Amino acid sequence: MRSYEGTAFSAELNDKNGGLENGGVLPSSKMFLHLPSEFARSALLYAAYVGHYFCDQTYVVRRNQFDYFLLAVIDSGGMFFEYNQKRFEVHAGEVILLDCRQPHVYGAIGSVSFRYIYFRGGSSEIYYKLLAGEKGYFKQPVRSIEIQSAIQSIFALVTDKTYNEHRISAQLYRILAELAGEEKQESIQNTAVLHAIAYMERHFPERLSIEKIADQVNLSEYYFSRLFRKCTSVSPHAYLVNLRITMARQLLTVSQKSVERIAEECGFHSTTNFIRSFREHVGCTPKQFRRAAMAELSKINENEKRK
């Protein structure tokens, strides 16, 4: 163990439980402890515990309170978490951010490998509130290479004999800023898809191309199509056709308009195209659907009269 700056010291702990966990940590695991200088405690984000754990299925942590925020990235396997009266799982390729000042339980799902940083100080609490939101915790896939790079830098810094607190603080801010940026970007993307859906709902009777819809949200046709599928699990074209079929079913049920007129009002280029598409989605022709709907309505009316 090494002292410097009066109150700061750091060390690699051979006790893999570190007085914190309950076993299940395999011998290849490493954990580093750092007690910060007075300056770091007052001005910096600082990492108190940094580790890379390899665990078996017996690994479980139960705490009522631990005065740090936890940032962990799952490299392989998965982990379960019980927090804020919720149980959820985090799997390989995902990051979790947790306020350990609240009661919490977490552990391995089978074998797991993960890197973790217990940190606090600076604007850590403000960032946590920004990222955790109403759920009370934050988890998502690690999409940015910046995050992986910053975590690797922190691990390199904690094993360096000089243990530069300022550089570690900078890397922690780098991670939190990147996570916040990803959240904002995802919100922007979801907003773009919602705007596109609203546009389709207003203009579905018109001749709409995917390119024209993408233009409405200032995206390329290729990127918009990928983003739309990611957010809705269907292509923009499939969503538009389904919207048109839904409106056609409504008109067939509540109006006496001809099939040709309904096809036109719902944005189909021709009656033939409408009938073919309707049969593919509903399983019958528009006329068959209307007859069945009228028969069902007549049955309901008869039942109402008998009451």
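Residues numbered from 1 in each chain as written. Predicted model: local features only at pLDDT ≥ 70, side-chain atom pairs only at ≥ 80, totals over all residues. Heavy atoms only, no water.

**Q** What should I look at first to understand the overall build of the protein chain in this one?
**A** Looking only at helices and strands, the protein chain features 10 helices and 10 strands. Residues counted as buried form 46% of the 307 residues belonging to the protein chain. When contacts within the protein chain are restricted to residue pairs at least 6 apart in sequence, those whose partners lie at least 24 apart make up 69%. Surface accessibility of the protein chain: about 16,400 Å² in total, with carbon and sulfur atoms responsible for 50%. (Helix = DSSP H or I, 4+ residues; strand = E, 2+ residues; numbered from the N terminus. Buried < 20%, exposed > 50% of the residue type's maximum accessible area, 1.4 Å probe, protein only. Contact = heavy atoms within 4.5 Å. Areas by Shrake-Rupley, 256 points an atom, 1.4 Å probe, with all protein chains shown as cover.)

**Q** What exactly am I supposed to notice about the packing of aromatic side chains here?
**A** Centre-to-centre distance and the angle between the planes together describe a pair of aromatic rings. Throughout the structure, instances matching the rule amount to 23 aromatic pairs. Geometrically, the ring pair formed by tyrosine 49 and phenylalanine 66 is tilted, given 5.8 Å between the ring centres and 45° between the ring planes. Of the two residues, tyrosine 49 sits in strand S4 (residues 45-55) while phenylalanine 66 sits in the loop between strand S5 (60-63) and strand S6 (69-83), which places them 17 residues apart along the sequence. One aromatic cluster is present, formed by Tyr49, Tyr53, Tyr59, Phe66, Tyr68, Phe81, Phe88, Tyr106, Phe114, Tyr116, Tyr118 and Tyr137 through successive ring pairs. Above the ring of phenylalanine 66, the side-chain terminus of arginine 63 is found at 4.4 Å from the ring centroid. (Phe/Tyr/Trp six-rings, centres within 6.5 Å; stacked < 30°, edge-to-face > 60°. Lys NZ or Arg CZ within 6 Å of the ring centre and 35° of its normal.)

**Q** Looking at this structure, how should I read the confidence of the model for the protein chain?
**A** Reading predicted coordinates in detail is not appropriate for stretches of low pLDDT. Averaged over all residues, the pLDDT of the protein chain is 85; the fraction at 70 or higher stands at 87%. Within the model, pLDDT remains below 50 along residues 1-7, and this stretch shows 21 contacts once partners closer than five positions in the same chain are excluded. (pLDDT = per-residue confidence, 0-100.)

**Q** Mind showing me how you'd approach the packing of helix H7 (residues 236-254) against helix H9 (residues 271-282) here?
**A** To characterise two packed helices, one gives the angle between the axes of the helices and the distance between these axes. Where H7 meets H9, the closest approach of the two axes is 10 Å, and the angle between their N-to-C directions is 95°. The pairing of H7 with H9 is recorded here as roughly perpendicular in orientation. Between H7 and H9, the residues in contact are Val241, Asn242, Ile245, Ala248, Arg249 and Leu252 and Phe274, Ser277, Phe278, His281 and Val282, respectively. Of the residues in the contact of H7 with H9, the class split is 7 nonpolar, 3 polar and 1 charged. (Axes fitted to C-alpha atoms, helices over the stretch in contact; angles between N-to-C directions. Parallel < 35°, antiparallel > 145°, perpendicular 65-115°, else oblique. Nonpolar A, V, L, I, M, F, W, Y, C, P; charged D, E, K, R; others polar.)

**Q** Would you explain the pairing of S6 in this entry?
**A** Successive side chains on a regular strand alternate, one facing one side of the sheet and the next facing the other. With 11 of its 15 residues buried, S6 lies for the most part within the structure. Pairing between S6 and strand S8 (residues 94-99): 5 bridges, direction antiparallel. Paired with phenylalanine 69 across the bridge in S8 is aspartate 99. Where S6 and strand S9 (residues 104-121) come together, 13 bridges link them in antiparallel fashion. Looking at S9, one finds that phenylalanine 69 is bridged to phenylalanine 119. Where S6 meets strand S7 (residues 86-91), 6 bridges bridge the pair, whose relative direction is antiparallel. Among the inter-strand pairings, glycine 78 is bridged to a residue of S7, identified as histidine 91. (Pairing = 2+ DSSP bridges.)

**Q** Could you clarify how one ought to interpret H9 in this entry?
**A** In this model H9 runs 16 Å from its N-terminal to its C-terminal C-alpha over 12 residues, within 8% of the 16 Å that 1.5 Å per residue would give. Buried within H9 are the following residues: Phe274, Ser277 and Phe278. All buried residues of H9 project into a common sector of 105° when viewed along the axis, lining one side. Exposed residues on H9 whose side chains face more than 90 degrees from its buried face are Thr272 and Glu280. (Expected span 1.5 Å × (residues − 1). Arc of directions from axis to C-beta.)

**Q** Got a minute to help me understand the nonpolar core in this structure?
**A** A general trend in soluble globular proteins is that nonpolar side chains are found buried together. By size, the foremost hydrophobic cluster in this structure holds 63 residues, and its most contacted members are Tyr59 and Phe114. When residues of this core are assigned to their parent elements, the largest contribution, 9 residues, is made by S6. Once residues lying within four places of it in the same chain are set aside, the contact partners of phenylalanine 114 are Gly51, His52, Tyr53, Cys55, Tyr59, Ala72, Val73, Ile74, Asp75 and Met79. Phe204, Val217, Phe228 and Val241 belong to the second largest nonpolar core, which has 31 residues in total. (Core = buried A, V, L, I, M, F, W, Y, C linked by side-chain atoms within 4.5 Å.)

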